[in-house]
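Structural overview for review
Chain residues, written in single-letter form:
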Amino acid sequence: MGNASSMLTQYDIEEVQEHCNYLFSQQEIVSLYERFCQLDRSAKGFISEDEFLSIPEFSLNPLSKRLLRMVDGLNFKDFVSFLSTFSAKASFNQKIELIFKVYDIDGKGKVTFKDLLEVLRDQTGSFMTEEQREQVLAKVLEEAGYTRDCTLSLDNFIQIIDHPGLKMEVEVPID
């Protein structure tokens, strides 16, 4: 796949569509390719950390550093696959798996109280004290049947997040 939208063939579109489990239409894939080419300013075939940070919504996100470790150096197929998690058509579990990866700081498939605290710190900044953050996390874990000494797997994480009163809104418009 080259660096101009005219170089995206029907075969490429179908291959990318299959790669992202058909969460995007062919037209959406063409739009994403055009955006990918705009971001890939040096036409390397992948998007660098600096190029991702040129997206205002991304650079302003308090979790951008954590997201960067997932997206730095993505080629077009992987770029679309990553974005498919934000599609309205993506399943709840797909979205939770992405969120889990954000919290799983060391990438070992486990989330600790310290990991949760670091992400909460990134999100709240100076709006909460360290003591308040620890109290909030301890309470959330306690209500879900865990302690601050627990290590959470993806399944444990899903149990906590899949609380009846929690509404998940993890979507990004294509246009």
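Residues numbered from 1 in each chain as written. Predicted model: local features only at pLDDT ≥ 70, side-chain atom pairs only at ≥ 80, totals over all residues. Heavy atoms only, no water.

Going by an unreviewed UniProt entry, the chain carries the name EF-hand domain-containing protein and comes from Zizania palustris.

1. Remarks on the layout of surface pockets
What counts, and what does not: Here a cavity means grid points, on a 1 Å grid over the protein atoms only, where a 1.4 Å probe fits yet cannot get out; a pocket means an open set of points with protein on both sides within 12 Å along at least five of seven lines; lining residues are those with an atom within 4 Å of a point. Grid points are joined across faces, edges and corners, and a volume is the space filled by probe spheres set on the points.
Considered as a void within the structure, the second largest pocket measures approximately 270 Å³ in volume. Forming the boundary of the second largest pocket are 14 residues, of which Ser81, Phe82, Thr85, Leu98 and Lys101 lie nearest the centre.

2. Observations regarding unusual backbone geometry
Put simply, the test is: For the purposes of this entry, the term helix denotes a DSSP run of H or I that reaches at least four residues, the term strand denotes a run of E that reaches at least two, and both are numbered from the N terminus. Only protein chains enter the accessibility calculation, which uses a 1.4 Å probe; a residue is then buried when its area is under 20% of its type maximum, exposed when over 50%, and partly exposed in between.
One non-glycine residue with positive phi stands out, namely Asn21, at about 60°. Note on placement: Asn21 falls in the loop between α1 (10-19) and α2 (26-39). In this structure Asn21 comes out as exposed when scored by relative accessible area, which is 54%. At Tyr22, a residue that is not glycine, the phi angle is positive and equals roughly 60°. With respect to the element layout, Tyr22 can be found in the loop between α1 and α2.

3. Focus on the UniProt feature "domain: EF-hand" (unreviewed entry) in the chain
Stated formally: UniProt positions are given in the numbering used here, feature names are shortened, and annotations may be inferred rather than shown by experiment.
Taking the UniProt record as the reference, the feature "domain: EF-hand" (unreviewed entry) is found at residues 27-62 and 91-126. Measuring from the first to the last C-alpha atom of residues 27-62 gives 31 Å, for a span that is 61% helix and 6% strand. Secondary structure within residues 91-126 divides into 67% helix and 0% strand; the distance between the first and last C-alpha atoms comes to 33 Å.

4. Quick look at the pattern of salt bridges
To keep it simple, the criterion reads: Any Lys or Arg side-chain nitrogen found within 4 Å of a carboxyl oxygen on Asp or Glu counts as a salt bridge.
Scanning the model with the defined rule gives 9 salt bridges in all. Several salt bridges share partner residues, and in doing so they unite Asp40, Lys44 and Glu51 into one network.

5. Some words on helix α5 (residues 64-71)
Of all 8 residues in α5, 6 are buried, a share of seventy percent or more. Residues of α5 that are buried include every one of Ser64, Arg66, Leu67, Leu68, Met70 and Val71, and no others. Count one or two residues on from α5 and you reach Gly73, which has phi positive near 85°.

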